[in-house]
Amino acid sequence: MVRRPGALEPGPGPDPAGLSGLPRRSRGLGQQRRPADGGNHPGHARSVRRQGRPGWQRRSHRPPAGAGGRADDASPPQPSPEDLLTAVQEAQTEAHRLGVTGIHNVEGPDALAAFRALETENTLRLRVLFHPPVQKLPDLVRMKATSGSGTDWLRLGGVKMFLDGSLGSRTAWMLEPYEDGRDRGMPITAEEVAREAMTTAAQAGLACTVHAIGDAAVRRALDLMSALQPAAIPHRIEHFQCVNPADLNRAAAAGIVVSMQPAHLLVDIPLADRQWGARSRGAYAFKSLLQRGTVVAFGSDVPVATLDPRQGVYAAMERRMLDGAPMPGWYPEERLSFEEVVSAYTQANARAAGVADRREPWGSGWTPTSWPGRLTRFSIEAMERRSSMGVRP
């Protein structure tokens, strides 16, 4: 979420979510692994087929079946808690410089420990909704942690899991083969494993935050999540990058939030055209989703893309790359107005976090529905950015 930085007065408060009790390392659900490319952007993608077997990030809890050795053997050096704390403090300062005062975080327990340390020191100045990895699900259930619980500054979100990979690595799972006809990408998690994890989470009062990029992964996410009992915050699908037209209505009908990152469009346009062809009509379908009543929450996908929301504003409004191509925009009927974009960065994220009706505890009188009169620095800088890029009025 993007909110105005101000004289915020945080306090550590209680820890009803049990976030501080999460162990730093846990094997958890070994079947659920993050894809090697980080799960999204072509600039960070590494083909999983170059090794002749599925590849996973080096920090995975165990190597894939049939792989020799241990994943930990090749792990890069991990930052010390002190270095990580310093990095988070610097990132917080940068977020405020860009007008961002709330984040939805999907990193691991070490990042959570840094947020907790800042909160204990009374220096956490970001509203953090933390989405723990699915490997922590057994611990969360054991601790009876529930989504939406926590403090004013640090709250528990949904359990993060992956259904497929990315467009850049050709691991986004598609209903039909890629344009060269060789394959359809790959599912990361077996259907029954995903169903069991989602059901376990929902029954324990935990929302599900599910990575799905290809249209087959999006359909499976919708199939599985539509049957879940609700939690205190909505279930959500991350990326929702390519959707079959038959599935456009389903997220709104099931009350599932769609979390999208418009800045990726700036570099994905030629790649999507080459890999997906005409199916790109259903990629980044912002307007179509909004017209169907879907809650579309915009974010940055840091560190894969910049934290600066202005690139996302430009991408969602213009659907053109930074060089201005293509004209008049890539599937221009999916362009959004400035007001719709700001709402997606603010109101929609408040709804995704379950705080849409909450007034801020520091008594500013701010509510998500009051944003049109309170766009402040974010709107001014975004409009200046649009002007410098030659964006339409």
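Sequence order sets the numbering: in each chain, residues are counted from 1 along the sequence as written. With the structure being a predicted model, the display of local features is reserved for residues of pLDDT at least 70 and the display and counting of side-chain atom pairs for 80 or more, all residues being used for whole-chain, interface and lining totals. Excluding hydrogens and water, the side-chain figures rest on all heavy atoms present in the structure.

A. Representation of helix 10 (residues 338-345) in the model. The buried count for helix 10 comes to six of eight residues, which makes it a mostly enclosed element. All of the buried residues along helix 10 are Phe338, Val341, Val342, Ser343, Ala344 and Tyr345. Only protein chains enter the calculation, and the probe is 1.4 Å; a residue is then buried if its accessible area is under 20% of its type maximum, exposed if over 50%, and partly exposed in between. What counts as a helix is a DSSP run of H or I of at least four residues, what counts as a strand is a run of E of at least two, and both are numbered from the N terminus.

B. Spotlight on the sheet that holds strand 4 (residues 159-162). For two strands to be treated as a pair, DSSP must find no fewer than two bridges joining them. In spatial order, the strands read 4-5-6-7-8; together these five strands make up an open sheet with parallel pairing. One side of each edge strand has no neighbouring strand; the edge strands of this open sheet are strand 4 and strand 8 (296-298). Each neighbouring strand pair of the sheet contributes to a mean axis angle of 25°, computed without reference to strand direction. Bridge count between strand 5 (residues 208-212) and strand 6 (residues 236-239): four bridges; the pairing is parallel. Paired with His211 across the strands is Glu238, a residue of strand 6. Angles here are taken between N-to-C directions and fall from 0 to 180 degrees, while the axes themselves are lines fitted to C-alpha atoms, restricted in helices to the stretch in contact.

C. Representation of the pairing of strand 4 in the model. Alternating positions in strand 4 separate into two faces, Val159 and Met161 on one and Lys160 and Phe162 on the other, with burial throughout. Tracing the backbone out of strand 4, into helix 4 (residues 191-203) and back to the parallel element strand 5 gives a crossover that is right-handed. We call a crossover right-handed when, viewed with both strands directed away from the observer, the connection leading from the first strand over the helix to the second proceeds clockwise.

D. Representation of the nonpolar core. The biggest cluster of nonpolar side chains holds 63 residues, and the ones touching the most others in it are Met198, Met225, Phe240, Trp276 and Phe298. Among residues more than four places away in sequence, those in contact with Met225 are Met198, Cys208, Val210, His235, Arg236, Ile237 and Ile256. In these notes, a set of buried Ala, Val, Leu, Ile, Met, Phe, Trp, Tyr and Cys residues joined through side-chain atoms within 4.5 Å is what counts as a nonpolar core. Residue contacts are defined here by distance: any two heavy atoms, one from each residue, within 4.5 Å place the two residues in contact.

E. The pattern of salt bridges, seen in detail. Throughout this description, the term salt bridge denotes a Lys or Arg side-chain nitrogen within 4 Å of a carboxyl oxygen of Asp or Glu. Applying the stated criterion to the full structure yields 19 salt bridges. Glu340 serves as the salt-bridge partner of Lys287, at 2.9 Å between the closest nitrogen and oxygen. Remark: Glu340 occurs in helix 10 and Lys287 occurs in helix 8 (residues 286-291); sequence separation between them is 53 residues. Between Asp308 and Arg310 there is a salt bridge, and its shortest N-O distance comes to 2.6 Å. By sharing partners, the salt bridges in this structure join Arg170, Asp180, Arg182 and Asp183 into a single network.

F. Geometry of the packing of helix 1 (residues 81-97) against helix 2 (residues 109-120). As a packed pair, helix 1 and helix 2 sit with axes 9 Å apart at the nearest point and diverge in direction by 70°. In terms of their interaxial angle, helix 1 and helix 2 are classed as roughly perpendicular. For the pair formed by helix 1 and helix 2, the contact residues are Leu84, Leu85, Val88 and Gln89 on the first element and Asp110, Ala111, Ala114, Phe115, Ala117 and Leu118 on the second. Under the grouping applied here, Gly and all other residues not named as nonpolar or charged are polar, the nonpolar ones being Ala, Val, Leu, Ile, Met, Phe, Trp, Tyr, Cys and Pro and the charged ones Asp, Glu, Lys and Arg. The residue inventory of the contact of helix 1 with helix 2, partitioned by class, reads eight nonpolar, one polar and one charged. Should an angle fall under 35 degrees it is called roughly parallel, over 145 degrees roughly antiparallel, and 65 to 115 degrees roughly perpendicular, with every other angle called oblique.

G. Summary view of the side chain of Arg127. Note on placement: Arg127 falls in strand 2 (residues 127-130). Two N or O atoms count as a polar contact when they lie within 3.5 Å, although within protein this holds only if one can serve as hydrogen donor and the other as acceptor, and sequence-adjacent residues are included solely when both atoms are side-chain atoms. Separated by 2.9 Å, the side chain of Arg127 and the backbone oxygen of Asp152 make a polar contact.

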